[in-house]
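Breakdown of the fold
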Amino acid sequence: MSEERFIQYETDGAIATVVLDRPDARNAQHPPFLEQFDEALHRAVDDKEVRVIVVRANGPHWSAGHDISPESAKLFKDVIDPSTGIHSHYGWEQIHYLEKTKSWRDLPKPTIAAVHGKCIAGGLMLCWPMDLIVASEDALFSDPVLRMGVGGVEYFAHPWELGARKAKEFLFTGEFLDAQEAYRLGMVNHVVPREKLEEKAYEVAGKIARMDPFGLRMAKQSVNRTLDQMGQWNAMQAVFDMHHLAHAQSRLLSEDGSSIQGQTVGSMKAAS
Ligand code: ZN
C-alpha cells in the first residue's frame, strides 16, 4: 500500500479529530482509506489524553461511499479472488465492512461525526457507527444500492436509525434524506448552518470531555448492549448474509458469470 494519506489525525487537548481527507474522490473509500481511518480511531483510543473523538470530512461532501473507480478495483482485486466463488469476497466484506464498522460503534471513547454535503451508501458506515451525529443543513443521506441489486449497505442499521417504515422508503426509492428529516427521525442530534458545523461539533465534544471517562464508557456500553439485546447485531449479521446472496445473484447474472470486475463489482462496492 502507498504511503499516501487519505485520513488526517490531530489532537487539541482532550479532543482528537479524525479527518476524511480524500476530497478529490469525494472521500470514496478504498482499502487504504479504510485502514487509515481505523488506525486513526485506534490512535485516539490509545492516547490517554484523548477523551472524545470527532470525525469530520474535507472537501464538498462527507463521503461518496465505497470506491468503485477502475483504479480502486485493482486494490479490491488484490483482496478478493473470484476463483473462490463468493468465499473471499464474503470474507473480506465480513471483516472490513461489517465487523470493523461494528467495532467503531463499540470504541471505548465517545465519538461524534460532523457531517456535511452528501453521505452516500458506504458513507453512512462512517457516521452511523459514531455515537452522535451533528449535521449541517446541506447534509444529504442516501443508500441507493438497490438499483445495483442489493438490499442495502453491509452495516444494515437502516431500521434502527430511521424506523422500519422510513427505512423501507429510504431503500426502495434510493432518494436523499435531508438533514432536517434525519433530525426529525432521530438519526442526527443537531442540525446547524454549514459554517457552524465544526463549532457545534466541538462544543458538544467539549461538554462530553468534561465528563468522567469511565462513566462515559459505561453509558456508551449500556446503550450499545441494549441495542444488542434488542437484536441489532444478530439482525445485522443475518442481513449481511442476504447482502451476499444479492452479490452472488449479481455475479450469476454478470456477463462471464464469475467476474468481480466492471458493473458487478460496481454493484458490490457501491453497495458497500
Ligand atoms: Zn457488499
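Look up: the structure comes first, before these words.
These lines cover the structure that appears in this document, whether it is placed above or below.

What counts and what doesn't
Residues numbered from 1 in each chain as written. Predicted model: local features only at pLDDT ≥ 70, side-chain atom pairs only at ≥ 80, totals over all residues. Heavy atoms only, no water. Helix = DSSP H or I, 4+ residues; strand = E, 2+ residues; numbered from the N terminus. Rg over C-alpha atoms; globule rule 2.2 N^0.38 Å. Buried < 20%, exposed > 50% of the residue type's maximum accessible area, 1.4 Å probe, protein only. Contact = heavy atoms within 4.5 Å. Pairing = 2+ DSSP bridges. Axes fitted to C-alpha atoms, helices over the stretch in contact; angles between N-to-C directions. Donors = N, O, S within 2.8 Å, 3.2 Å for Na, K, Ca; no water. Salt bridge = Lys/Arg side-chain N within 4 Å of Asp/Glu carboxyl O. Expected span 1.5 Å × (residues − 1). Bend = angle between axes of the 7 residues up to and from the residue. Core = buried A, V, L, I, M, F, W, Y, C linked by side-chain atoms within 4.5 Å. Right-handed = clockwise from strand over helix to strand, strands pointing away. Polar contact = N/O pair within 3.5 Å; in protein donor to acceptor, adjacent residues only side chain to side chain.

**Here's the deal with the overall build of the protein chain**
A tally of regular secondary structure across the protein chain gives 11 helices and nine strands. Rg of the C-alpha trace for the protein chain: 18 Å, near the compact-globule value of 19 Å for 272 residues, within the 12% margin. Counting only C-alpha atoms and orienting by the principal axes, one finds that the protein chain spans roughly 60 × 45 × 35 Å. For the protein chain, the residues scored as buried account for 51% of the 272 residues in total. The long-range fraction of contacts in the protein chain, counting pairs at least 24 apart against all pairs at least 6 apart in sequence, stands at 73%.

**Observations regarding the sheet that holds strand β1 (residues 7–12)**
To summarise the sheet geometry, strands pair through backbone hydrogen bonds and adopt either a parallel or an antiparallel arrangement. Here we have six strands laid out as an open sheet, ordered β1-β2-β3-β4-β6-β9, and mixed in their pairing. Two strands in the sheet have a free side with no partner beyond their single neighbour: β1 and β9 (190–192). If you compare each strand with its neighbour and ignore which way they point, the axes differ by 20 degrees on average. As paired strands, β1 and strand β2 (residues 15–20) are joined by six bridges and run antiparallel to one another. In the sheet register, T11 faces β2, and the bridge partner there is A16.

**Description of the coordination of the zinc ion**
Around the zinc ion, the protein supplies E93 (OE), E93 (OE), E154 (OE), H243 (NE2) and H247 (NE2) as donor atoms, at distances of 2.0 to 2.5 Å. Look at H243 and you get buried, because its relative accessible area is 4%. Taking the relative accessible area as the measure of exposure, H247 reaches 0% and is therefore buried.

**Observations regarding the pattern of salt bridges**
In this structure the tally under the stated criterion is 15 salt bridges. Across the salt bridge formed by D106 and K102, the nearest N and O atoms sit 2.8 Å from each other. Its relative accessible area of 32% is what places D106 among the partly exposed residues. Residue classification places K102 among the buried positions, given a relative accessible area of 12%. The salt bridge partner of K200 is E203, with a shortest N-O separation of 3.4 Å.

**Some thoughts on helix α3 (residues 87–105)**
The terminal C-alpha atoms of α3, which comprises 19 residues, lie 26 Å apart, in line with the 27 Å expected from a rise of 1.5 Å per residue. Taking the largest bend as the criterion, α3 deviates by roughly 35 degrees, centred on Q94. Inspection of α3 places S88, H89, W92, E93, Y97, L98, T101, K102, W104 and R105 among the buried residues, and these make up the whole buried set.

**Describing the sheet that holds strand β8 (residues 177–178)**
Spatial ordering of the open sheet is given by β5-β7-β8, a layout of three strands whose pairing is mixed. Two strands bound the open sheet, and with one partner strand each, they are β5 (118–120) and β8. Pairing of β5 with strand β7 (residues 140–142), which is carried by three bridges, proceeds in the parallel orientation. Each bridged residue has a counterpart across the sheet, and for K118 the counterpart in β7 is L140.

**Things to note about the nonpolar core**
The tendency in soluble globular proteins is for nonpolar side chains to be buried as a group. Membership of the largest hydrophobic core comes to 57 residues, with the highest contact counts inside it found for F37, W62 and F141. Broken down by element, the residue count for this core peaks at seven residues, all from helix α1 (residues 31–46). Ranked by size, the runner-up nonpolar core spans 14 residues in total, among them I15, A114, V134 and L197.

**Concerning the pairing of strand β3 (residues 52–57)**
Counting buried positions over the six residues of β3 gives six, a clear majority of the element. Here β3 shows two buried faces, one formed by V52, V54 and R56 and the other by I53, V55 and A57. Relative to β3, β2 is paired through six bridges, and the arrangement is parallel. Bridge pairing in β3 places V19 opposite R56. Regarding the hand of the β-α-β motif, the stretch spanning β2, α1 and β3 is right-handed. Pairing of β3 with strand β4 (residues 111–115), which is carried by four bridges, proceeds in the parallel orientation. Bridge pairing links V55 to A113 in β4.

**Looking at the environment of S83**
Within the secondary structure, S83 is located in the loop between α2 (70–79) and α3. Taking relative accessible area as the criterion, S83 reaches 63% and is therefore assigned exposed. Among the polar contacts listed, one links the side chain of S83 to the side chain of D81, at a separation of 2.8 Å.

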